[in-house]
Amino acid sequence: MAKASVSLAYPERFYAAASHLGLDGSVTSSLKQLSSRFSNDTALLLYALHKQATIGPCNVPKPSVWNPSEQSKWKSWQGLGTMSSIEAMHHFVKFLEDEDPSWNPISPNSVPDPAVDVQISSTKAEPSVENGASFSETMTTATEDGRLTETQDKDVVLENPNTISVYNQWTAPPTSGQTPKARYEHGAAVFQEKMYMYGGNHNGRYLGDLHVLDLKKWTWSRVETKVVTESQETSSPATLTHCSGHSLIPWDNKLLSIGGHTKDPSESILVKVFDLHTCTWSILKTDGKPPISRGGQSVTLVGKKLVIFGGQDVNKSLLNDLHLLDLDTMTWDEIDAVGSPPSPRSDHAAAVHAERYLLIFGGGSHTNCFNDLHVLDLQTMEWSKHTQQGEAPTPRAGHAGVTIGENWFIVGGGDNTSGACETVVLNMSTLAWSVLTSVQGGVPLASEGLSLVVSSYNGEDVIVAFGGYNGRYNNEVNVLKPSHKSSLKSKIMEASPVRDSVSAVNNATTRDIESEIGVSQESKVREILMDNVNSRSKVEGKSESIITSLRSEKEELEASLSKEKIQTLQLKEELTETETRGAELYKELHSVRSQLAVEQSRCFKLEVEVAEVRQKLQTMETLEKELELLHRQRAVASEQAAANMNGQRQSSGGVWGWLAGTPPPKT
């Protein structure tokens, strides 16, 4: 017989566990408290999970090698990578429960309910591993009226009825206030736990209203806005040009509305800015050459830059061009990426992974829908198309996607025939697809043009969907609370034997942990991610021998992993040396090319001078010939003149002699 009780929900359960261990926020006291109760490896891992849950991923610089204690703490924290805060909370509590089974907190502010004896079937508590299906555990619990109910997933948590208590299932929370008009192809963004929804399309008419949904109270309200011009600020409520197929991006206490289809489109794409403090719209002034006007494009915020891809222009021509808008300088830049880009398309989904890789999935043309996946390296600006693991989703367009950690959740969309009913998840590190949940056809989640945002609710990540079109326009709100171990389940169940499952978890975990962390600490992290497998695999009979063999196999794998890490380190050193040598050779080559360019320039000048000298020589030869000819002509002329003068003298001498009375000479 067992007794049902209601334990604390997250994050209160995590804080209770931290308080139980005496973690007061001081680094020194925290580690001392843990080291006094657990082994060094366990204390370091609990310390890292606590830092990850309360602060987030490690962004502090690596400590000096002369401080091994600080280095161990840094490696433990750094090894958790981009694990989300709520996931770290779950692992922290689970690890504490494994190390200290006596700890089981009950809410201090609640009055314990009368204990109800519940008979729990031992057969239902055993794990179910069949044909790659996910783990499920049937649990029998007592309700407030004393009736017994069974749940099929251990992720169902007893909480307040008004909260979201079921993991990996879509629910429709009750909303209040002024519900927006049904629509699709609108834009949505989250700022300070509020979802802002702007524009859209209803019955072919563009919309321009702005609504906000309080994600704590689930209350709708309409925002009265004003338009700011360069000359004045209008006092009457107004909006800018109504649009659909645009993108809404939160940035610096503002919302950016990029592009979209409008009744009177402009030549180039417009970026509209909504100030959340003054509730005013304005047009963002940009430099550079902006892209042409379009709608149905994808806009992804990467650091302080917007990456715009594809869409459909005002002439209904599909595009696959790539543009960047630097939000620091407000300058547009068209990117000419190498490789094979995606075919022209619109209504696709885009996401960024590790602040470096842009992923493009699906979309449609005038005749077809796609289910291909393309990756753009934003450092090298090179497109690539990788092989997808698992069963790829069906072709679709008009879907929406959000990322949580390294998981990309894709919801909705359609192929002009039917809507997509599956909520699929892509692990962006392994490019492995898995189906998280499914809905019946005809519901709003199987719609085109719906919006999808991610926020937090009671300290946990939630995905909020709104609107869409599936034969009728929708204005419903649906919420999904993803379980962070759901992706682990999909990886575990790729193989049915327990041994293969453990190996899959080991391999997946090894990819997630940085190579700098020690082998013993990697083992601890793997034990966290494998808690579902290990806890269920402890069955009677032959289970003990299986566990023993698995542990020995794990030790062998860890030893081989250590060798591989050493080889990897050596290869990295060789690669560094090669890169250094290559850089030096490149510098030498650049210097030689510069010298060669200088010599070529000198040679060209010499050739020009030689040509000029040759022309002068030819001119001198011509002049010499003319001068020689003149000399000859002068000599001839001189001879002729001398001859003439002699003749004249002879004749003139006879006349003068005759005049003088001198007789002419005798011949």
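Residues numbered from 1 in each chain as written. Predicted model: local features only at pLDDT ≥ 70, side-chain atom pairs only at ≥ 80, totals over all residues. Heavy atoms only, no water.

- Under an unreviewed UniProt entry, the chain has the name ACB domain-containing protein and belongs to Eruca vesicaria subsp. sativa.
- Its UniProt record gives the chain the following Sequence similarities (unreviewed entry) comment, quoted word for word: "Belongs to the ACBP family." (UniProt positions renumbered as here; feature names shortened; annotations may be inferred.)

**A closer look at the overall build of the chain**
Step number 1: For the chain, the helix and strand inventory stands at 10 helices and 31 strands.
Step number 2: Nonlocal contacts in the chain, meaning residues at least 24 apart in sequence, comprise 56% of its contacts between residues at least 6 apart.
Step number 3: Surface accessibility of the chain: about 36,800 Å² in total, with carbon and sulfur atoms responsible for 51%. (Helix = DSSP H or I, 4+ residues; strand = E, 2+ residues; numbered from the N terminus. Contact = heavy atoms within 4.5 Å. Areas by Shrake-Rupley, 256 points an atom, 1.4 Å probe, with all protein chains shown as cover.)

**Topic: the nonpolar core**
Step number 1: With 28 residues, the main nonpolar core has Phe 14, Leu 21, Leu 34, Leu 46, Leu 49 and Phe 92 as its most contacted residues.
Step number 2: Elements with a contribution of two residues or more to this core: α1 (12-20), α3 (40-54), α4 (68-78) and α5 (85-99). (Core = buried A, V, L, I, M, F, W, Y, C linked by side-chain atoms within 4.5 Å. Buried < 20%, exposed > 50% of the residue type's maximum accessible area, 1.4 Å probe, protein only.)

**Brief notes about α5**
Step number 1: Between the first and last C-alpha of α5 there are 21 Å, a value that for 15 residues agrees with the 21 Å anticipated at 1.5 Å per step.
Step number 2: Restricting attention to buried positions, one finds in α5 the residues Ile 86, Glu 87, Ala 88, Met 89, His 91, Phe 92, Val 93, Phe 95 and Leu 96. (Expected span 1.5 Å × (residues − 1).)

**Examining the pattern of salt bridges**
Step number 1: In the structure shown here, the tally under the stated rule is 11 salt bridges.
Step number 2: A salt bridge links Lys 216 to Glu 193; the shortest N-O distance between them is 3.1 Å. Here Lys 216 is found in the loop between β9 (205-214) and β10 (219-222), whereas its partner Glu 193 is found in the loop between β7 (187-190) and β8 (194-202), with 23 residues between them in sequence.
Step number 3: Judged by relative accessible area, Lys 216 falls into the exposed class, the value being 58%. (Salt bridge = Lys/Arg side-chain N within 4 Å of Asp/Glu carboxyl O.)

**Some details on the sheet that holds strand β5 (residues 170-171)**
Step number 1: Read from one edge to the other, the open sheet built from 4 strands follows the order β5-β31-β30-β29, with strand pairing classed as antiparallel. The open sheet has two free edges, formed respectively by β5 and β29 (451-457), since each of these has just one partner strand.
Step number 2: Pairing between β29 and strand β30 (residues 460-466): 7 bridges, direction antiparallel. Looking at β30, one finds that Leu 452 is bridged to Ala 465. (Pairing = 2+ DSSP bridges.)

**Points about a nonpolar patch on the surface**
Step number 1: A cluster of nonpolar residues, Val 613, Leu 617 and Met 620, forms a patch on the protein surface that exposes about 270 Å² of accessible area.
Step number 2: Checked against the element boundaries, Leu 617 lands in helix α10 (residues 543-660). (Patch = residues over 30% accessible without salt bridge, like charges linked within 9 Å, V, L, I, M, F, W, Y side chains within 5 Å.)

**Describing the packing of α1 against α5**
When two helices pack together, their arrangement is given by the angle between their axes and by how far apart the axes lie.
Step number 1: Relative to each other, α1 and α5 sit at 50°, their axes nearing to 9 Å. Taken as axis vectors, α1 and α5 run oblique relative to one another. The handedness of the crossing between α1 and α5 is left-handed. Every residue of α5 that contacts α1 at Arg 13, Phe 14, Tyr 15, Ala 17, Ala 18 and His 20 is listed here: Met 89, Phe 92, Val 93, Leu 96 and Glu 97.
Step number 2: Here the contact of α1 with α5 is built from residues that sort into 8 nonpolar, 1 polar and 2 charged. (Axes fitted to C-alpha atoms, helices over the stretch in contact; angles between N-to-C directions. Parallel < 35°, antiparallel > 145°, perpendicular 65-115°, else oblique. Left-handed = near helix turned anticlockwise from the far one by under 90°. Nonpolar A, V, L, I, M, F, W, Y, C, P; charged D, E, K, R; others polar.)

**A few points about the UniProt feature "coiled-coil region" (unreviewed entry) in the chain**
Step number 1: Within this structure's numbering, the places UniProt gives as "coiled-coil region" (unreviewed entry) are residues 547-574 and 606-640.
Step number 2: Spanning residues 547-574, this segment combines 100% helix with 0% strand, and its end C-alpha atoms are found 40 Å apart.
Step number 3: Annotation note: span residues 606-640, helix share 100%, strand share 0%, distance between end C-alpha atoms 50 Å.

**Remarks on the confidence of the model for the chain**
Step number 1: Residues at a pLDDT of 70 or more form 75% of the chain, whose mean pLDDT is 79.
Step number 2: In this model, residues 107-161 is a region of pLDDT below 50 whose contacts with residues beyond four sequence positions or in other chains number 86 contacts.
Step number 3: Contacts from residues 231-239, a stretch scored under 50 in pLDDT, to residues over four places away or in other chains number 17 contacts. (pLDDT = per-residue confidence, 0-100.)

**Quick look at the packing of α3 against α5**
Step number 1: Put simply, α3 and α5 touch, their axes get as near as 8 Å, and they point 150° apart. In terms of orientation, α3 and α5 fall into the roughly antiparallel class. Where α3 crosses over α5, the handedness of that crossing is left-handed. Residue-level contacts link Thr 42, Leu 45, Leu 46, Leu 49, His 50, Gln 52 and Ala 53 of α3 to Ser 85, Ala 88, Met 89, His 91, Phe 92, Phe 95 and Glu 99 of α5.
Step number 2: When the residues that make up the contact of α3 with α5 are grouped by side-chain class, the tally is 8 nonpolar, 5 polar and 1 charged.

**Thoughts on the packing of aromatic side chains**
Step number 1: In this structure the tally under the stated criterion is 11 aromatic pairs.
Step number 2: Summarising the aromatic geometry, the rings of Tyr 198 and Trp 281 are spaced 4.7 Å apart at their centres and angled 40° between planes, so their arrangement reads as tilted. Highlighted residues: Tyr 198 in strand β8 and Trp 281 in strand β15 (residues 280-283), separated in sequence by 83 residues. The residues Tyr 198 and Trp 281 share a single accessibility class, namely buried.
Step number 3: Three or more aromatic residues link up through ring pairs in this structure, and these residues are Phe 14, Tyr 15 and Phe 92.
Step number 4: Above the face of the Tyr 167 ring, Lys 481 is positioned so that its terminal group lies 4.6 Å from the ring centre. (Phe/Tyr/Trp six-rings, centres within 6.5 Å; stacked < 30°, edge-to-face > 60°. Lys NZ or Arg CZ within 6 Å of the ring centre and 35° of its normal.)

**Describing the sheet that holds strand β23 (residues 373-377)**
Step number 1: Overall, antiparallel pairing links the 4 strands, which are arranged β21-β22-β23-β24 in an open sheet. A strand with exactly one partner marks an edge of an open sheet, and here the two such strands are β21 (349-353) and β24 (382-384). Across the sheet, the mean angle from the axis of one strand to that of its neighbour is 25°, orientation sign disregarded.
Step number 2: Note: β23 against β24, 3 bridges, orientation antiparallel. Bridge assignment links Leu 376 to a residue of β24, and that residue is Trp 383.

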